[in-house]
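# Fold and geometry: a report
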Amino acid sequence: MKINLSPYSSKTLTFLINLLITFSTLIIIAYLAEIALQKTQTLKNSVVDKDWFQKNVTLNTQGYRDIEYLHEKPNNTFRILMLGDSMTFGQGIEKLSDTYPKILETQLNNKISKQKFEVINFAYPGYNTDSELYDLYIKGFGFQPDMVFLGYYQNDIPRPSYLRCDSTNRDFIKQGGEIKNFLRQSSLYQFLNFRFNRLLEKLNHKPKMADCINEAYSSTGWEMEIVYLDAIRKACMLRNIKLMIGIIPLMYKLNDDYPIKKMHVKLKNYCKKNGVECIDFLETGFKGKNALNLVVSPEDRHLNSEGAKIIANSLFDKLESLTHFKYLPEIHRVFTLRDLLIDNDMAHKVDGAYSEIKEKKQNPKKLFPISDKKNQIKIDFQISSGKNVFTQIQSNISRQTKTKSQFTLDDRGKFIAHTFTTYSLRSQNELFMDKVEKNNNQLLLTHTTHQPGGKKLSRKINFELSGIKTADGKKELFIEKGIPFQDPKILIHKLLSIPNDEQDYQLETDIHNQLLYFHHNLWGEFMDAMIKDIIKENPRPIILRAIARTYKTTKELKKLELIKKQAPQNLKDFLN
């Protein structure tokens, strides 16, 4: 029997067939695209997940990605301790030898030099400057480093929880349950979602990562960051350890349109203000390069092995002059890192004098005077009772002062004591003196000031500069002996969570004492910035009373009056 289809039915059937063909074609295209993207990702190592870690990463007994090192530093060895996050860890780099700390170690040891260099990597993925601070105090100093290098990346800054900027990628499929979870595993979905988010940014429907980074560096987060950096810097200075900060750029637009210049400027200004050596890897190696050639993949901007080489080469160029000394581990503490990096002539003369004694060419009891008449510097070096004593005297005509800096080290260059005295050139009288001496595992600082009329004021501070990890996993740091470090991130979280009806006087006193801690350690700028934010975000009466007590105690009544003027009327009574 013959069936006649109406024109309408024929058109419908044709449409359905075409629709089925189109749908099938799209499925085939999507399937092929999925396979192609998966192969591309495999080739580019674009997914650094748990499987990648299990396959490529081996941690040592300390929990870091490095070989084993003894706590006791070997003779004739200059140790550099590396702090950092996943960039320094080498996330996405398969071989340990291809990470930039290990490349640097090889480069330094390839130079003809009497001493050996050890570069110990303490970096770990997800670390911020606070994490690195805790590791340095609890474990790092135990390895007796001569130098600490902080590999700084843009997201190391703490972000206060009340910052509103959120550059997290949005899902273009907002609902779907199990189907959505299935799609998230698809390389094609990840590719399309990545492009979808870049479109949102171009249309200003979501902030870019650079927007949120710049916001963080314009917020109290930067003042918090300074606290962590200072805690690292002060410990290195008191322990007579060299410190360098290296700025690792955001691997995006490595040209004049680089989007987070603010972060680099802030770090470099911090270094300049505090006498810290700083290297900006954007300027020394990455500028003008194609970022996509130096990262794991477009979706994962961690450095690949080529990117790691650029950092290692830049660092080696900076540190190469350290290999020019014969007895660097023994004499480096007498000089600043800057002096050593510029091949300071006086440093080489001291190195030569030390060589003559160590190699038995001269009587070890003989005094070696070394002079630089142009800069009016004189260094006397002698060995006495198994100790190396270096005395540097320098005149400053413009300030009409003379300084005497005396280092006492053991025969392996370990720190024993340092006395820094300032005199008046006119009267030759002592103006003030700072003496740091090793006292068991602690450092005792004695600060003496001579006032008009012959009165002498002396203050002693016992620095601990160490940390502990308790049985329940909590970490505690101590800068001064017996005084726990007040973590600014923990304090802000605490203040933001206090309920409105809290009336505990002891809590008020605790807040007051914690604020005084920052004032005592010269972190007043952080304290002031945090107070302004807390008054805005969580102005609880108990906090306001603690703030008023703090400014009255520190006699900063002008700041208190300014806060009162800016505070809402219903809060002013609590600030009295």
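Presented here is a report on the structure given in the accompanying data block. (Residues numbered from 1 in each chain as written. Predicted model: local features only at pLDDT ≥ 70, side-chain atom pairs only at ≥ 80, totals over all residues. Heavy atoms only, no water.)

Bringing helix 4 (residues 100-110) into the picture now. Taken across its 11 residues, helix 4 has eight buried, putting it largely inside the fold. Taken as a whole, helix 4 has its buried residues at Tyr100, Pro101, Lys102, Ile103, Leu104, Glu105, Gln107 and Leu108. (Buried < 20%, exposed > 50% of the residue type's maximum accessible area, 1.4 Å probe, protein only. Helix = DSSP H or I, 4+ residues; strand = E, 2+ residues; numbered from the N terminus.)

Turning next to the nonpolar core. Core analysis: the biggest nonpolar cluster contains 142 residues, and Phe286, Leu315, Leu319, Phe485 and Ile547 have the highest contact counts within it. For this core, the element with the highest residue contribution is helix 9 (residues 220-238), accounting for 11 residues. Setting aside its immediate chain neighbours within four residues, Ile547 contacts Leu515, Ile531, Ile535, Ile563 and Leu575. Counting six residues, the second largest nonpolar core, distinct from the first, contains Trp52, Phe89, Ala123 and Val296. (Core = buried A, V, L, I, M, F, W, Y, C linked by side-chain atoms within 4.5 Å. Contact = heavy atoms within 4.5 Å.)

Once that is clear, we can look at the state of the cysteines. Here the structure, examined in full by the defined rule, presents one disulfide. With no disulfide of its own, Cys278 has Cys271 as its nearest cysteine by sulfur position, at a separation of 3.4 Å. Under the relative-accessibility criterion, Cys278 is labelled buried at 19%. (Disulfide = S-S within 2.5 Å.)

Moving on to the pattern of salt bridges. The full count for this structure, using the stated rule, is 25 salt bridges. The shortest N-O distance in the salt bridge between Lys111 and Glu320 comes to 3.0 Å. Of the two residues, Lys111 is situated in the loop between helix 4 and strand 2 (116-121) and Glu320 in the loop between helix 12 (305-319) and helix 13 (328-331); the sequence distance between them amounts to 209 residues. Overall, Lys111 belongs to the partly exposed group, its relative accessible area being 33%. Three or more residues are tied together by salt bridges with common partners; here these are Asp66, Lys102 and Glu105. (Salt bridge = Lys/Arg side-chain N within 4 Å of Asp/Glu carboxyl O.)

What follows concerns the sheet that holds strand 11 (residues 430-439). Taken together, the nine strands give an open sheet; going across it, the order is 6-7-8-9-10-11-12-13-14, and neighbouring strands pair in antiparallel fashion. Of all the strands in the sheet, the pair left with one neighbour each is strand 6 (368-372) and strand 14 (475-480). Recorded for the sheet is a direction-independent mean angle of 15° between the axes of neighbouring strands. Strand direction decides the pairing type here: strand 7 (residues 377-384) and strand 8 (residues 387-396), joined by eight bridges, are antiparallel. Directly across from Gln382, in strand 8, lies its bridge partner Val389. Together, strand 13 (456-469) and strand 14 form the strand contacts of helix 5 (residues 129-138), whose direction differs from that of strand 14 by roughly 75°. (Pairing = 2+ DSSP bridges. Axes fitted to C-alpha atoms, helices over the stretch in contact; angles between N-to-C directions.)

With that settled, the discussion passes to the pairing of strand 3 (residues 147-153). Judged by how many residues are buried, strand 3 sits mostly within the fold: seven of seven residues are covered. The pairing of strand 1 (residues 77-83) with strand 3 spans four bridges and is classified as parallel. Each bridged residue has a counterpart across the sheet, and for Met82 the counterpart in strand 3 is Phe149. Bridging between strand 3 and strand 4 (residues 242-248) involves seven bridges; their strand directions are parallel.

A few words on the side chain of Ser219. Mapped onto the elements, Ser219 comes out in the loop between helix 8 (209-217) and helix 9. Once you skip the residues sitting within four places of it in the chain, Ser219 turns out to touch Pro160 and Leu163.

According to the stated counting rule, one finds 19 aromatic pairs in the structure shown. Arranged with centres 5.6 Å apart and planes meeting at 75°, the rings of Phe89 and Tyr124 form a pair that is edge-to-face. Of this pair, Phe89 sits in helix 3 (residues 86-89) while Tyr124 sits in the loop between strand 2 and helix 5; the two residues are 35 residues apart in sequence, bridging distant segments of the chain. A relative accessible area of 30% places Tyr124 in the partly exposed class. An aromatic cluster of at least three residues, connected via ring pairs, comprises Trp52, Phe53, Phe89, Tyr124 and Tyr127. One Lys or Arg, Arg65, reaches over the ring of Phe89 and ends 5.5 Å from the middle of that ring. One residue, Arg239, lies across the ring of Phe141, its end atom 4.3 Å from the ring centre. (Phe/Tyr/Trp six-rings, centres within 6.5 Å; stacked < 30°, edge-to-face > 60°. Lys NZ or Arg CZ within 6 Å of the ring centre and 35° of its normal.)

Note on sheets: strands pair through backbone hydrogen bonds, and any given pair is parallel or antiparallel. Spatially, the five strands line up as an open sheet ordered 2-1-3-4-5, and their pairing is parallel. Across the chains shown, the open sheet's two edge strands, defined by having one partner strand only, are strand 2 and strand 5 (277-280). When strand polarity is set aside, the average angle formed by the axes of neighbouring strands in this sheet is 20°. Sitting on the sheet, helix 4 is in contact with strand 1, strand 2, strand 3 and strand 4, with an inclination near 175° to strand 2.

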